[in-house]
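For reference, the chains in residue letters:
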Amino acid sequence: MVRTLDSKIDNRLPNVAKQLRSGGYQTAMVGKQHEPTGFDYWSVLPDQGEYWDPHFIEEDGTKQVDGYATDIITDRCLDWIKARDSRKPFFMMCHHKAPHRSWECNDKHKHLYKDPIKVPDNFTDDYKHRAKAARVAKMRVAEDLTYFDLGLVQPDGGKRVGEKMTDLWDVYDRKVPAPHDVTKMKLMDREDGTIFTFQTPAELAEFKYQRYMQRYLRTIQSIDDNVGRMLDYLDSDPELAKNIIIVYTSDQGFFLGEHGWFDKRFMYEESFQMPFLIRFPRDIAPGTVCDDIISNVDFAATFLDFAGLKIPSYMQGVSFRTLLEGHKPDNWQQVAYHRYWMHNDITHHAYAHYGCRDRRYKLIYWYNETLGVEGARPADADHKEWELFDCEEDPLELFNVYHESRYSEVRTKMVKMLEDKMMEIGDEMVHPRENADAGRMNFLSRFWGPGRRSV
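Owing to the predicted nature of the structure, the values given are computational and were not obtained by experimental measurement.

Scoring rules and cut-offs
- Residues numbered from 1 in each chain as written.
- Predicted model: local features only at pLDDT ≥ 70, side-chain atom pairs only at ≥ 80, totals over all residues.
- Heavy atoms only, no water.
- Helix = DSSP H or I, 4+ residues; strand = E, 2+ residues; numbered from the N terminus.
- Rg over C-alpha atoms; globule rule 2.2 N^0.38 Å.
- Buried < 20%, exposed > 50% of the residue type's maximum accessible area, 1.4 Å probe, protein only.
- Contact = heavy atoms within 4.5 Å.
- Lys, Arg positive; Asp, Glu negative; His and termini not counted.
- Charge placed at Lys NZ, Arg CZ, Asp CG, Glu CD.
- Salt bridge = Lys/Arg side-chain N within 4 Å of Asp/Glu carboxyl O.
- Phe/Tyr/Trp six-rings, centres within 6.5 Å; stacked < 30°, edge-to-face > 60°.
- Lys NZ or Arg CZ within 6 Å of the ring centre and 35° of its normal.
- Expected span 1.5 Å × (residues − 1).
- Arc of directions from axis to C-beta.
- Patch = residues over 30% accessible without salt bridge, like charges linked within 9 Å, V, L, I, M, F, W, Y side chains within 5 Å.
- Areas by Shrake-Rupley, 256 points an atom, 1.4 Å probe, with all protein chains shown as cover.
- Core = buried A, V, L, I, M, F, W, Y, C linked by side-chain atoms within 4.5 Å.
- Pairing = 2+ DSSP bridges.
- Axes fitted to C-alpha atoms, helices over the stretch in contact; angles between N-to-C directions.

A.B. asks: How would you summarise the overall build of the chain if you had to cite specific residues and measurements?
C.D. replies: Tallying secondary structure elements over the chain gives 10 helices and 15 strands in all. Compactness check: the chain gives a C-alpha radius of gyration of 25 Å against a globular reference of 23 Å for 455 residues, within 12% of the reference. Dimensions of the chain, computed from C-alpha atoms along their principal axes, come out at roughly 75 × 60 × 55 Å. The proportion of buried residues among the 455 residues of the chain is 45%. Long-range pairs, those at least 24 residues apart, make up 59% of the contacts in the chain with a sequence separation of at least 6. Of the charged side chains in the chain, 62 are positive and 75 negative, and the gap between their average positions amounts to 3 Å.

Written out as structure tokens, the structure is:
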């Protein structure tokens, strides 16, 4: 099982690509993917990869390719599609590096998004009425972005220049400080040498936000362009366009200043929710919107369902094809489960937690322990917290109502929902449980054999 970014993938385990290949599909993977397996063709970035002149790992070794990563990944995908055996079905995964930190855009997009972006309503969140994890996370736009993140010149020096992004000897990126007195502070644009000065901490914080958003939006402009390139090619062949399912999605959401954060990891809405768009006019009515809950663990089963292949028993998810076709099964589970294992990771200091969300409420348990998993570090192991949010009345998730008496029935319902889901998928609970032993059977195991006694 892969629990953290430091975990290793067991390439011998089954996956959706292997299942599709066994069913007669040609399979390919290009872009960001750790240890690809089950693909006829693969060309992947090492780790996060680079935006410019990236290296690609392929079956015959590693090679460097000149150019911009998003364009190159799309080129490689299109080249493979054009060269495939058109008599057989295919499964292509196009995984872009963008928009991972540090948001380096294509040169042709540097002039875009110069108008100010509206600052989120909760950008100055003080994290009251929330778990401690929200206060200690190192993901604040105002405090934790580096000079490189913001396209600024990093001066020589130690802590006076800024705290290190990650406290390791081979990490050189430092965070742009957020001092109380900003009047003596000068920052320089890395491209044109423009000098920026500030009169108040709030002015500095908004400057960082605008730089962050400019760089983020300019980076994803290349995603927009290249998704368009891909669609244009597929639509140029009417027969192919009629028989192809196109999915645009992501592995999670992203904070764009909400709660004052960048990055992801947490179960709060902006990070927890994912985009999912699908095009298959033959079976899915164009322009329809489904507001039922699905999870990324359901993707593989859905792909196999559309491919007409058997969904193996090892898959945790279930197909949501019927939802896409406009029919909701009576037993559809309106619940999404989340777990973040990498407690107090070395860069973001995000605390370990798990939880579930239905169509209105969200329950989170912060267990704050390493549990021996890779990349997790001890911190606040004795500090456990529950959070409950009413996402209808409190869409910004500013008020934890777990201990409010008017939500007692909701609390009970959500805890049961969480425990039922964890039991269903075999995930281990570490929260205290009420009446956990009530109605349970006792078991007595006996073992016989040479040299063994009954137990």
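A.B. asks: Quick rundown of the environment of Lys-310? Include the residues and the values.
C.D. replies: With respect to the helices, strands and loops of the structure, Lys-310 is situated in the loop between helix H8 (299-307) and helix H9 (321-324). For Lys-310, a relative accessible area of 71% gives the class exposed. Along the backbone, Lys-310 and Glu-387 are 77 residues apart, and their C-alpha atoms lie at a distance of 39 Å.

A.B. asks: For the pattern of salt bridges, give the residues involved together with the corresponding values.
C.D. replies: Enumeration over the complete set of coordinates arrives at 42 salt bridges. Arg-321 is the salt-bridge partner of Glu-325, the closest N and O atoms lying 2.8 Å from each other. Among the residues examined, Glu-325 registers a relative accessible area of 27% and is labelled partly exposed. Two residues, Glu-369 and Lys-384, come together in a salt bridge whose shortest N-O distance is 2.6 Å. Placement of the pair is Glu-369 in the loop between strand E14 (361-366) and strand E15 (385-390) and Lys-384 in the loop between E14 and E15, with a sequence separation of 15 residues. You can call Glu-369 partly exposed: its relative accessible area is 27%. Assessed through its relative accessible area of 33%, Lys-384 is described here as partly exposed.

A.B. asks: Go over the packing of aromatic side chains, please, and point to the residues and values.
C.D. replies: The final tally for this structure, using the stated rule, is 30 aromatic pairs. Look at Tyr-354 and Tyr-367: their rings are 5.5 Å apart centre to centre, the planes differ by 35°, and that puts the pair in the tilted class. With a gap of 13 residues between them, Tyr-354 in strand E13 (residues 353-357) and Tyr-367 in the loop between E14 and E15 connect regions that are remote in the sequence. There is no split in this pair, since Tyr-354 and Tyr-367 are both buried. Seen from the ring of Tyr-51, Lys-97 lies directly overhead, with NZ or CZ sitting 4.6 Å from the centre.

A.B. asks: Break down helix H10 (residues 408-425) for me, citing the residues and quoting the values.
C.D. replies: A rise of 1.5 Å per residue sets the reference length of H10, with its 18 residues, at 26 Å; its end C-alpha atoms lie 26 Å apart and thus fit the reference within 8%. For H10, the full list of buried residues reads Val-410, Met-414, Val-415, Leu-418, Glu-419, Lys-421 and Met-422. Here the buried residues of H10 occupy an arc of 160° about the axis, which is enough to place them on one side. Away from the buried face of H10 by more than 90 degrees, exposed residues Glu-409, Thr-412, Lys-416 and Met-423 are located.

A.B. asks: Go over a nonpolar patch on the surface, please, and point to the residues and values.
C.D. replies: On the surface, a nonpolar cluster with roughly 230 Å² of combined accessible area is contributed by Val-153, Met-188 and Ile-195. As for its placement among the helices and strands, Val-153 is situated in the loop between helix H4 (141-144) and strand E6 (186-188).

A.B. asks: Would you mind going over the nonpolar core in detail, with residue names and values included?
C.D. replies: One broad rule of soluble globular proteins: the nonpolar side chains tend to lie buried together. Of all hydrophobic cores here, the largest spans 24 residues; its most connected members are Leu-152, Leu-187 and Tyr-212. By residue number, the principal contributor to this core is helix H5 (residues 201-235), which donates eight residues. Each residue touching Tyr-212, except ones within four places of it in the same chain, is listed here: Trp-103, Val-141, Leu-145, Leu-150, Phe-254, Phe-255, Leu-256, Gly-257, Phe-262 and Asp-263.

A.B. asks: Requested: an account of the pairing of strand E4 (residues 61-64), with residues and values cited.
C.D. replies: Where strand E3 (residues 55-58) lies against E4, four bridges are found, and the strand directions are antiparallel. Paired with Glu-58 across the bridge in E4 is Gly-61. Hairpin remark: E3 followed by E4, antiparallel, with two residues in the connecting loop.

A.B. asks: How would you sum up the sheet that holds strand E2 (residues 41-44)? Please name residues and give values.
C.D. replies: Taken together, five strands build an open sheet; the order of strands is E4-E3-E2-E1-E5 and the sheet is mixed. Taken across any chain shown, the strands that pair with only one partner, and hence form the sheet edges, are E4 and strand E5 (90-95). Strand after strand, the sheet turns through a mean of 15° between neighbouring axes, direction not considered. The strands that helix H2 (residues 69-83) touches are strand E1 (26-31), E2, E3, E4 and E5; relative to E5, the one it contacts most, it runs at about 170°.

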